[in-house]
Amino acid sequence: MQPLRVCIVSSEVAPLAKTGGLADVSAALAGELHRRGHDVRLVMPLYRRMREAGRPFRDVPGLIDREMSFGPRRGRWSVRATPLPGKDLDVLCVDVPELYDRDGIYTQDDDEHLRFGLLSRVCLALCQESGWAPDILHLNDWHVGPAALYLRLLASWDTLFAKTRSVLTIHNIGYQGVFASDVVHDLGLDDAVHKLHQEDLAAGRVNFLKTGILYADALTTVSRTYAREIQTEEYGMGLDGMLRKRADRLVGIVNGIDDEIWNPSVDPHIARKFSLDTLDDKRFDRAALLSDLGLAPDPKGPVLGIVSRLVAQKGFDLLFDVLPEMLPFHDVRLAVLGSGEPKLEEFFAGLQARFPGKVCFYRGYNDPLSHRIEAGADAFLMPSRYEPCGLNQMYSLAYGTIPVVRNTGGLADTVTLFDRRTGEGTGVVFDHSEPGAMRWALLYLLELWGDRDAWTRMQRNAMAQDWSWRKQTGLYEALYRKLLEMPVASH
Ligand code: ADP
Ligand code: GLC
């Protein structure tokens, strides 16, 4: 079959700039599509941290110091390429120092709309300047939602885009990119103002994600369950009505994991590599993790791990009563890596102070430690209130680390409750966002821990799962091809 020309645009690409799963997904999907022979351009901003990390950048001929009008401004942009580690693919980094040469990936600065509005426009400009006609423009999250509209506007006169279809993947509907409506001018959309969401405009707002939802030819989200959930009032964050209207264009495709990076048999960060055949060696990683974190060795109970952004979405408030209640009575350990909302940080810091030797809270971001927790923990906690997909539960499965998850979004699609009667299942799944359900899940986990045969069986079931991108990428390919046969969606 004909290879496709796919332009993927993302605000994060691992390991160059990452705050969460979006970075892992855009890197791995682009890498796998490229490996399959497609002509892939992966576009992101060139953030300060990428220069500071000493990454090599190469000027892309024809894409240096290009002039462009954007709203009331006239400025220059360049594209510099840098290798995507381990992938034999370059990332095209949009270099506009006045917007991206800052400390954060995301900022609270007044021109946040410009930082991502410009990315939405330049991803198309770089196709134009190089005469490269993408079949698919694959946009990710609110940051580049407006690109779906820019594409429509450009395609009305530039035949380069005559066949281009856009896909918008919603990784998290909780973040929509909402700005005051006076940014319309900055975004160069004065003449297209009638194309924006009119009720929002009347209320003085522009919503980047909604703009994408209105104009993308296909909408995807990162699990089948979340695709259903976001069409309900409970999970739709105000967008459920719009999504129901476009339900014929919305599909859920569960993320994959990059098994060159998240694989206990090749992981360079972990103390001892292991696989299904050498599962027993996982105990060395367990001991190393406890020693790294200054926790007491050899607990009789399981080592529990958490690696997460500490935000309300992740449901850690369910642990507020349950953990202090259980910790005095069980010889378990808890290793927490993350940072975020003060209330959650204070909770984990407080646990560490109350239960020294049992609980370690590492506040911050640490990639090698996240691998060591996946490898060394016996179980991994993700009690999310909502979870579009979630990657850590899939990493946990691959490392024989039992996920304890709430039955929502991608967690529901990837983890099944272990049944002691049949010996089937890969983890502990609970239904309700309530402390009682969380308590049940932890008690069931401890019960399974006490039954070594059941535990080993569950670990083996988990490790035998295949959630790799090699499998999941085919679903995107099929969607892209189907889309190319369909007319542009009309509104
Ligand atoms: P989300 O994208 O909502 O944060 P995911 O489970 O999809 O959730 O992805 C989170 C990714 O970010 C995982 O790769 C996880 O290991 C990583 N991560 C989150 N917090 C940290 C941290 N403090 N240090 C290192 N990695 C982290
Ligand atoms: C978002 C979601 C997470 C998902 C990730 C990658 O950040 O919160 O569930 O796995 O995007 O798609």
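Quick notes on the rules
- Residues numbered from 1 in each chain as written.
- Chains lettered and ligands numbered in written order.
- Predicted model: local features only at pLDDT ≥ 70, side-chain atom pairs only at ≥ 80, totals over all residues.
- Heavy atoms only, no water.
- Near = heavy atom within 4 Å.
- Polar contact = N/O pair within 3.5 Å; in protein donor to acceptor, adjacent residues only side chain to side chain.
- Areas by Shrake-Rupley, 256 points an atom, 1.4 Å probe, with all protein chains shown as cover.
- Helix = DSSP H or I, 4+ residues; strand = E, 2+ residues; numbered from the N terminus.
- Nonpolar A, V, L, I, M, F, W, Y, C, P; charged D, E, K, R; others polar.
- Pairing = 2+ DSSP bridges.
- Axes fitted to C-alpha atoms, helices over the stretch in contact; angles between N-to-C directions.
- Parallel < 35°, antiparallel > 145°, perpendicular 65-115°, else oblique.
- Contact = heavy atoms within 4.5 Å.

Visitor: Would you explain the site of ligand 2 in this entry?
Guide: If you check the shell around ligand 2, you find 13 residues, and the closest are His171, Asn255, Glu387, Cys389 and Gly390. The separation between an oxygen atom of ligand 2 and a polar side-chain atom of histidine 171 is 2.6 Å. Proline 388 places a main-chain nitrogen or oxygen 3.5 Å from an oxygen atom of ligand 2. For ligand 2, the accessible surface in isolation is 310 Å², of which the surrounding protein chains cover 92%. The greatest single-element share of the shell around ligand 2, amounting to three residues, is contributed by helix H1 (residues 21-35). Across the shell around ligand 2, the residue classes tally to five nonpolar, six polar and two charged.

Visitor: Is there a simple way to explain the sheet that holds strand E17 (residues 402-406) in this structure?
Guide: The strands making up a sheet associate through hydrogen bonds between their backbones, and the pairing can be parallel or antiparallel. Strand order in the open sheet made by the six strands is E15-E14-E13-E16-E17-E18, with parallel pairing throughout. Across the chains shown, the open sheet's two edge strands, defined by having one partner strand only, are strand E15 (359-363) and strand E18 (428-430). Taken over all neighbouring pairs, the strand axes of this sheet differ in orientation by 15 degrees on average, direction set aside.

Visitor: Please clarify how the site of ligand 1 should be interpreted in this entry.
Guide: Taken together, 19 residues are adjacent to ligand 1, and Lys18, Gly21, Arg309, Lys314 and Gly364 come closest. With respect to ligand 1, the side chain of aspartate 24 contributes an N or O atom lying 3.0 Å from an oxygen atom. Contact distances for ligand 1 include 2.7 Å between a nitrogen atom and a backbone N or O atom of glycine 364. Here ligand 1, which alone exposes 560 Å², has 93% of that area covered by the protein.

Visitor: What is the right way to look at the packing of helix H12 (residues 319-326) against helix H13 (residues 342-354) in this model?
Guide: Between two packed helices, both the angle of their axes relative to each other and the distance between the axes serve to describe the pair. Running from amino to carboxyl end, H12 crosses H13 at an angle of 5 degrees, the nearest separation of the two axes being 11 Å. If you check the angle between H12 and H13, you find them roughly parallel. Note on element contacts: H13 touches H12 through Lys343, Leu344, Phe347, Phe348, Leu351 and Arg354, opposite Leu319, Phe320, Leu323 and Pro324.

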